[in-house]
Amino acid sequence: MKLIGSYTSPFVRKISVILLEKGIVFEFINHTPWAEDSQVPHYNPLGKVPALIDERGLTWYDSSVIAQVIELRDEAPGLLPDDALHALQVRQLAKLADGINDAAVTIVREQMRPDAQQSEEVLLRNREKIQRGLDALEAAAAKAELINTGTLNLADIATGCMIGYLNFRRVLPNWCVNRPALVKLAETLFQRESFARTVPPAG
């Protein structure tokens with residue numbers, strides 16, 4: 001099994017954490033989607049990471065799809081509830097965390113542009129998306145019914161990778177203010193070996 005992606009991508013990190021938690025052996029192939037000679041479009045026509053090549057030689061892309069492909073292997077630990085409705089609710093929270101990542105990546109890319117070309121509207125709109133998304137995840141984490149339950153699931157992993165990315169790229173440095181449940185969840189997750197082994201490289 002081969003995982004194609006960048007060490008700094010929160011979406012790639014999510015899949016790496018899932019594979020590590022399940023003890024699935026994989027080869028990591030480091031390809032950045034932003035390079036002019038990027039090989040990523042060879043695996044995903046959209047030019048996005050991650051992509052996964054399974055043992056049958058099938059190529060999968062989009063982290064949500066890849067997470068489901070891995071879950072279909074039925075290897076412990078299971079990361080979704082057995083109840084179909086609850087599983088869908090967990091997937092929705094995971095997608096919410098992914099959406100926050102999308103907004104954060106947009107901000108990072110926008111801030112790489114020359115100052116005169118940056119759009120304050122784009123930056124503001126995406127900061128608002130992040131704030132609303134974090135508020136929703138905080139409420140869910142405080143309830144501890146679908147996320148932050150004490151049993152690791154897909155939404156926990158996606159949220160931890162998202163928070164890790166916000167910290168890594170210093171997007172919204174004050175995200176933790178008035179969000180104690182998310183802070184506690186992040187502290188717990190970051191102590192796991194799977195998260196420790198996938199910390200993005202500095203620089």
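Residues numbered from 1 in each chain as written. Predicted model: local features only at pLDDT ≥ 70, side-chain atom pairs only at ≥ 80, totals over all residues. Heavy atoms only, no water.

What to know about unusual backbone geometry
Quick note on the threshold: The secondary structure listing takes helices from DSSP runs of H or I that are at least 4 residues long and strands from runs of E that are at least 2 residues long, numbered from the N terminus.
The omega torsion across Val49 and Pro50 is 10 degrees, close enough to zero to call that bond cis. Position of Pro50 relative to the elements: it lies in the loop between helix H2 (40-43) and strand E3 (51-53). Following Ala76, the chain continues into Pro77 via a peptide bond in cis, with omega recorded as -5 degrees. For Pro77, the position within the fold is in the loop between helix H3 (63-71) and helix H4 (84-111). Even without being glycine, Leu172 reaches a positive phi, approximately 55 degrees. Considering the arrangement of structural elements, one finds Leu172 in the loop between helix H6 (154-168) and helix H7 (180-189).

What to know about the pattern of salt bridges
This is how it is decided: Only one rule defines a salt bridge in this text: a Lys or Arg side-chain nitrogen within 4 Å of an Asp or Glu carboxyl oxygen. Accessibility here uses a 1.4 Å probe with only protein chains present; expressed as a share of the type maximum, an area under 20% marks a residue as buried, one over 50% as exposed, and anything in between as partly exposed.
Summed over the entire model, instances satisfying the criterion amount to ten salt bridges. Its salt-bridge partner being Lys22, residue Glu71 comes within 3.3 Å of it at the nearest N-O pair. With a gap of 49 residues between them, Glu71 in helix H3 and Lys22 in helix H1 (residues 10-22) connect regions that are remote in the sequence. Classification of Lys22 by relative accessible area gives buried; the value is 7%. Here Glu110 makes a salt bridge to Arg113, at a shortest N to O gap of 3.3 Å. A relative accessible area of 36% places Arg113 in the partly exposed class.

Thoughts on the UniProt feature "domain: GST N-terminal" (unreviewed entry) in the protein
What counts, and what does not: UniProt positions are given in the numbering used here, feature names are shortened, and annotations may be inferred rather than shown by experiment.
Those residues carrying the UniProt feature "domain: GST N-terminal" (unreviewed entry) are residues 1-78 in this numbering. The distance separating the terminal C-alpha atoms of residues 1-78 is 19 Å; by composition the span is 33% helix and 18% strand.

Comments concerning the environment of Ile147
Just so we agree on the cut-off: Contact criterion: two residues are considered in contact whenever any of their non-hydrogen atoms come within 4.5 Å of each other.
The residue Ile147 is located in the loop between helix H5 (120-143) and H6 in this model. Residues Ile147 and Val108 lie 39 residues apart in sequence; the distance between their C-alpha atoms is 27 Å. Those residues in contact with Ile147 that lie beyond four places of it in its chain are Leu93, Leu137, Ala140, Ala141, Asn153, Ala155, Asp156, Thr159 and Leu185.

A closer look at the packing of H1 against H3
Applied cut-off: Axis geometry follows a simple rule: fit a line to the C-alpha atoms, using only the stretch in contact for helices, then measure angles between N-to-C directions, giving values from 0 to 180 degrees. An angle below 35 degrees is read as roughly parallel, one above 145 as roughly antiparallel, one from 65 to 115 as roughly perpendicular, and any other as oblique. Note that Gly is not counted as nonpolar here; it falls among the polar residues with everything else outside the nonpolar set of Ala, Val, Leu, Ile, Met, Phe, Trp, Tyr, Cys and Pro and the charged set of Asp, Glu, Lys and Arg.
Running from N to C, H1 and H3 cross one another at 10 degrees; their axes reach a closest spacing of 10 Å. Considered as vectors, H1 and H3 are oriented roughly parallel to each other. Each of Phe11, Lys14, Ile15, Ile18, Leu19 and Lys22 in H1 lies in contact with H3, whose residues at this interface are Ser63, Ser64, Ile66, Ala67, Ile70 and Glu71. Its residues placed into classes, the contact of H1 with H3 shows seven nonpolar, two polar and three charged.

Digging into the packing of aromatic side chains
Note the cut-off: Any Phe, Tyr or Trp ring, taking Trp's six-membered ring, that has another such ring centre within 6.5 Å forms a pair; planes under 30 degrees apart are called stacked, those over 60 apart edge-to-face, and the others tilted.
Counted by the stated rule, this structure contains two aromatic pairs. On the numbers, 4.5 Å between centres and 20 degrees between planes, the contact of Tyr7 with Phe28 is stacked. You can see Tyr7 sitting in the loop between strand E1 (2-5) and H1 and its partner Phe28 sitting in strand E2 (residues 27-30), a full 21 residues away along the chain. We classify Tyr7 as partly exposed; its relative accessible area is 45%. Ring plane angle 50 degrees and centroid distance 6.0 Å describe the contact between Phe190 and Phe195, whose orientation is recorded as tilted. A residue is classified by how much of its surface remains accessible, and Phe190, at 32% relative accessible area, is partly exposed. Look at Phe195 and you get buried, because its relative accessible area is 1%.

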